[in-house]
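Read off the chains here:
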Amino acid sequence: MWAVGLWRPLLAGAVFFPGLFLLLRLLLTHAPLWPHGEQHATILSARLVSCVQAVMASSAGYIIASSCHDVMEDQHWLTSTYILFAVPYFLYDIYAMFLCHWYKSQVKGHEATPLSAVIGYLRREFLMVLHHVVMVTVCFPVSVFLRQGKGDYFQGVMFMAELSTPSVCLGKILIQYQLQHTLLYKLNGVLMLATFFACRVLLFPYLYYAYSRYASIPLYLVPMRVSWVCNAGAVLLMAPQLYWFGLICRGALRLFSRPPSHTHTLSHTHTLTHTPPANGHKPTHAHTE
């Protein structure tokens, strides 16, 4: 019975995310008012799926965190269920990011063999692919099998890191349709900067703070109280968030400190939106331009 309960959300996620992607691509490709073709439809569909996953993860995280009054002992059925449901998303997203890379190279007129496309994709998206692989091979088994039902509150808070993903995806969509000179793009950039900082950079300091309140100990003693596995996991997961946040800050500084120019904006907006999908729980996920 437990095995059946394990496979149901995994199977549901394996059907839902690729199925939603294919459905959106089909609808956009054949939409009567859609003049952009299959390439743009594929890229836009992948980003819309990322937004859907982000909303679902954030909603699940809020439900879990708000239901757990004891941050260590309280449990919520949605915690392990959504982890299992989201695992196929990371596998799907690795392939979706490759499709986006492939189609973007075609849109730009670059011809490449499948092998060279894969190599170029891995070079460009290595950190993102590594993030997704770690989520599936490390974070998934630790969260489902090794926690022993403890810390659902912390899992819920980590799900809410996905609140930053919709603004990341919107920024990339605006770039896709050359709208980065608009006020909407700048406002979305401010929102992305704020949500990424609040939901991803401050995430692990807040988790340590929450545990310090639970254990009634000073914050600086928490790293010495929790296991080395927790500390190592926090460092490994936070490091790419700091890297991506640095890229966002650098791109935002260039965008807002120089005179507005359509050509200039085109050449300096890649860094502003070079961020993970997400989750974090992906986490996860957005696709780099």
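Computed from a predicted structure; not experimentally measured. (Residues numbered from 1 in each chain as written. Predicted model: local features only at pLDDT ≥ 70, side-chain atom pairs only at ≥ 80, totals over all residues. Heavy atoms only, no water.)

Q: Explain unusual backbone geometry here, please?
A: Backbone phi values are negative for most residues with the exception of glycine, while trans is the configuration of most peptide bonds. Even without a glycine there, the phi angle at Gln148 is positive, about 60 degrees. Within the fold, Gln148 resides in the loop between helix 5 (126–146) and helix 6 (152–159). The phi angle at Ser216 is positive, at roughly 55 degrees, despite the residue not being glycine. Tracing the backbone through its elements, the reader meets Ser216 in the loop between helix 9 (203–215) and helix 10 (222–225). (Helix = DSSP H or I, 4+ residues; strand = E, 2+ residues; numbered from the N terminus.)

Q: Which parts of the structure should I look at to understand the packing of helix 8 (residues 183–201) against helix 9?
A: At a closest axis distance of 5 Å, the pairing of helix 8 and helix 9 adopts a crossing angle of 40 degrees. For the element pair helix 8 / helix 9, the angle class is oblique. On helix 9, the residues that touch Ala198, Cys199, Arg200 and Val201 of helix 8 are Leu203, Phe204 and Pro205. (Axes fitted to C-alpha atoms, helices over the stretch in contact; angles between N-to-C directions. Parallel < 35°, antiparallel > 145°, perpendicular 65-115°, else oblique. Contact = heavy atoms within 4.5 Å.)

Q: Please explain the nonpolar core as it appears in this structure.
A: Soluble globular proteins tend to pack their nonpolar side chains together in the buried interior. Grouped together as the largest cluster of nonpolar side chains are 54 residues, with contacts concentrated most on Val49, Tyr92, Tyr153, Phe154 and Phe204. Elements supplying a minimum of two residues to this core: helix 1 (2–29), helix 2 (37–67), helix 3 (77–107), helix 5, helix 6, helix 9 and helix 11 (228–257). Ranked by the residues each element gives to this core, the list is headed by helix 3, at 14 residues. Within the second largest apolar cluster, 15 residues are counted, among which are Ile94, Ala117, Phe196 and Leu247. (Core = buried A, V, L, I, M, F, W, Y, C linked by side-chain atoms within 4.5 Å. Buried < 20%, exposed > 50% of the residue type's maximum accessible area, 1.4 Å probe, protein only.)

Q: Would you mind showing me how to read helix 7 (residues 165–176) here?
A: Residue pairs spaced three or four apart in an α-helix point in one direction, given the helix's 3.6 residues per turn. A rise of 1.5 Å per residue sets the reference length of helix 7, with its 12 residues, at 16 Å; its end C-alpha atoms lie 16 Å apart and thus fit the reference within 8%. For helix 7, the tally of buried residues reaches 10 of 12 residues, placing the bulk of the element in the interior. Of the residues making up helix 7, those classed as buried are Thr165, Ser167, Val168, Cys169, Gly171, Lys172, Ile173, Leu174, Ile175 and Gln176. Phi turns positive one or two residues past the end of helix 7, at Gln178, with a value near 55 degrees. (Expected span 1.5 Å × (residues − 1).)

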